[in-house]
Amino acid sequence: MNKGEQEAYKRDYALAKAQGKPFFPYAVYKDLVVATFAIGFVIFLAIWAPIPVGEPVNPATTDFVPRPEWYFFFLFELLKIFKNENALTPVIMATFIVPNVLMVLLLITPFIDRGPERRIWRRPIALTSGVMVIFFLGYLTHLGAESPGAETGIELENLTPEAEAGLELYLANGCTACHAIKDVGAPGPGPNLTNEGEKGRTIQWQIDHLIDPRSTTPGSTMPAYPNFTDQEYQELAVFLNGLGTEFR
Amino acid sequence: MSTQDIETQTPSPDGEGAAVGAEDIAPKGAMKGAIEKTGDYVDERSGLVTGHKWFLFRNVPGETSWFQTLGFTAMALFGLQAITGIVLAMYYKPDPNTAFQSIQFITNDATWGSLVRGMHRWGASAMIVVVFLHMARVFFWGAYKYPRELTWVTGVILMFMTMFMGLTGYLLVWDQKAYWATVVAVNITASAPVLGPFVADILRAGPEFGPNTLSRFYAIHMLVIPGGIATFIALHLLLITKLGIAEPPWAKRRFRAAREEEAERERMRARTPAGREPVPASPSFEPPQSWPSKDVS
Ligand code: HEM
């Protein structure tokens, strides 16, 4: 809007106000009706669908698939689109770039779209982008709602006692928060480990990787696990290195 | 207050409203006088009463729509969250050893506990939905355009803070689902370049999830963000009352005004001597019948 259009808007708005109605009661009554309805609905839901008590936090159980509140589903679903499979889908797109670009775009919307037109049917770009954003948010949220809930452990055959202990450690230390084995665990940001054994890593490589992921995989975003005992490192490494080959 | 009350009270010369008139001797009249005097006293020193009247009785455009109630509804839901949250805080214990039990107690044993907890959880979802719808209405109406750009910016910040409330509140239940979801969310934060690891450390209160993480989330959820939201709602409302609420883009008044503007331009065009802008240079130009006319006003 240029200066003239801004002045015109202000003049027109002053007219609208002069010919308008007092805030109280004409606008207030509508506000109160809708707000009362909304609060009533919340009370209705609280009675009709009470919130259950979940399972207490226990890092050693086997059935936790991280599940956020529904309004974060779309962010989790982004992780399934960008999961480091190839150069076009780096994880950082889902964890950082896309959310932040959207956030900034949202913040600066009024400084991008500065035309004087306010009727949506005369603003094709705003209309299309608005509808598209709503469609994709809805779609991703729907996908998130459909994705499997709590699982009952990871079924793997031929586990040796050492690998069994490795599995326990794997489950107990939140690895499933970033990795999946046979559909159990989060689909990202870490790679699926179902066939980790086929990569031909050595036991020592796995141990070094756990102690400091950046020493073996430069630029890795996986957190370091420097506090296991030697035996625990051994168990985890044996477990990881057999995945997809010995243990399937 | 009936008109009669006003008539009997206002003429009183020394401002003592309750002093004259037969009804005013009755206790009710005296009471009213006292209230009015208190009101005047406060108003003289604070401007609160006048300010209130200005706030309530100022004009808004005539054709306000039901879509424009969503902001107020978001505010009402925030109030509801504050109230149910305070009640929950009276029973909740932010310690990894007791948090889960206190949630269990609230849900199963405390009087109305399940209701209050349910309202707080569903209220959070409802608030997200309502804030999103409010934002959609502002977007599709172009209500963020001049002069309301900053109202939009404060609104976006409000929305992010509302979502962050959801994230921090989720962990407080200290159950499996919430715990692991939060671990992932914080790990994702940690993987962001440059600031990520710092922010994650701040959230976790250290490099790992531990007892301090819970009390940190509690403090953020209870004090930091609600304070931020309250501040930004105040800013948001300040801007809204200052700028006035937008008129629906399809308001009949607007269309009428547009038609009149068009007609006015038409008249101007008709009055402008031939050959000068904005008359289109057309060889077949013929002065309209109304030109030259007398209504040159
Ligand atoms: C906690 C969240 C929020 C609260 C309590 C809130 C409250 C309000 C209220 C009471 C109004 C008056 C008009 C109406 O009710 O529609 C309003 C208007 C407005 N809001 Fe919000 N709002 C919130 C979030 C947002 C968000 C997320 C945005 C946009 C990104 C936003 C942008 C605006 C704008 C631009 C106006 C002025 C629109 C007009 O004058 O027509 N608000 N807000």
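These numbers come from a predicted model, not from an experiment. (Residues numbered from 1 in each chain as written. Chains lettered and ligands numbered in written order. Predicted model: local features only at pLDDT ≥ 70, side-chain atom pairs only at ≥ 80, totals over all residues. Heavy atoms only, no water.)

Colleague: What is the right way to read the pattern of salt bridges from this model?
Modeller: Should their charged atoms come close, side chains of opposite charge can pair. Counted under the stated rule, the structure contains 13 salt bridges over all chains. We note a salt bridge from R119 of chain A to E117 of chain A, for which the minimum N-O separation is 2.8 Å. The exposure class assigned to E117 of chain A is partly exposed, which follows from its relative accessible area of 22%. Its salt-bridge partner being E262 of chain B, residue R265 of chain B comes within 2.9 Å of it at the nearest N-O pair. With R265 of chain B and E262 of chain B both in helix α11 (residues 252-271), this residue pair falls three residues apart, about one helical turn. Take E262 of chain B: its relative accessible area is 37%, and that puts it in the partly exposed class. (Salt bridge = Lys/Arg side-chain N within 4 Å of Asp/Glu carboxyl O. Buried < 20%, exposed > 50% of the residue type's maximum accessible area, 1.4 Å probe, protein only. Helix = DSSP H or I, 4+ residues; strand = E, 2+ residues; numbered from the N terminus.)

Colleague: Mind showing me how you'd approach the interface of chain A and chain B here?
Modeller: How large an interface is tends to be reported as the accessible area lost when its parts come together. Residue-level contacts link 84 residues of chain A with 81 residues of chain B. Where chain A abuts chain B, roughly 7500 Å² becomes buried across the two surfaces, and 71% of that area is made up of carbon and sulfur atoms. Area buried by chain A at its contact with chain B is led by I51, V57 and R118 of chain A, which between them contribute 9% of it. Counting the contacts that link chain A with chain B gives four salt bridges. Summed over the shared surface of chain A and chain B, the result is 23 residue pairs in polar contact (both at pLDDT 80 or more). At 17 residues, helix α2 (residues 23-48) of chain A tops the list of elements feeding residues into the side of chain A that touches chain B. Taken together, the residues of the side of chain A that touches chain B break down into 57 nonpolar, 13 polar and 14 charged. Of the pairings in the sheet, the one linking strand β1 (residues 21-22) of chain A to strand β1 (residues 59-60) of chain B comprises two bridges and is antiparallel in character. Its bridge partner being in β1 of chain B, K21 of chain A is matched across the sheet by V60 of chain B. (Contact = heavy atoms within 4.5 Å. Buried area = accessible area lost by both parts, 1.4 Å probe. Polar contact = N/O pair within 3.5 Å; in protein donor to acceptor, adjacent residues only side chain to side chain. Nonpolar A, V, L, I, M, F, W, Y, C, P; charged D, E, K, R; others polar. Pairing = 2+ DSSP bridges.)

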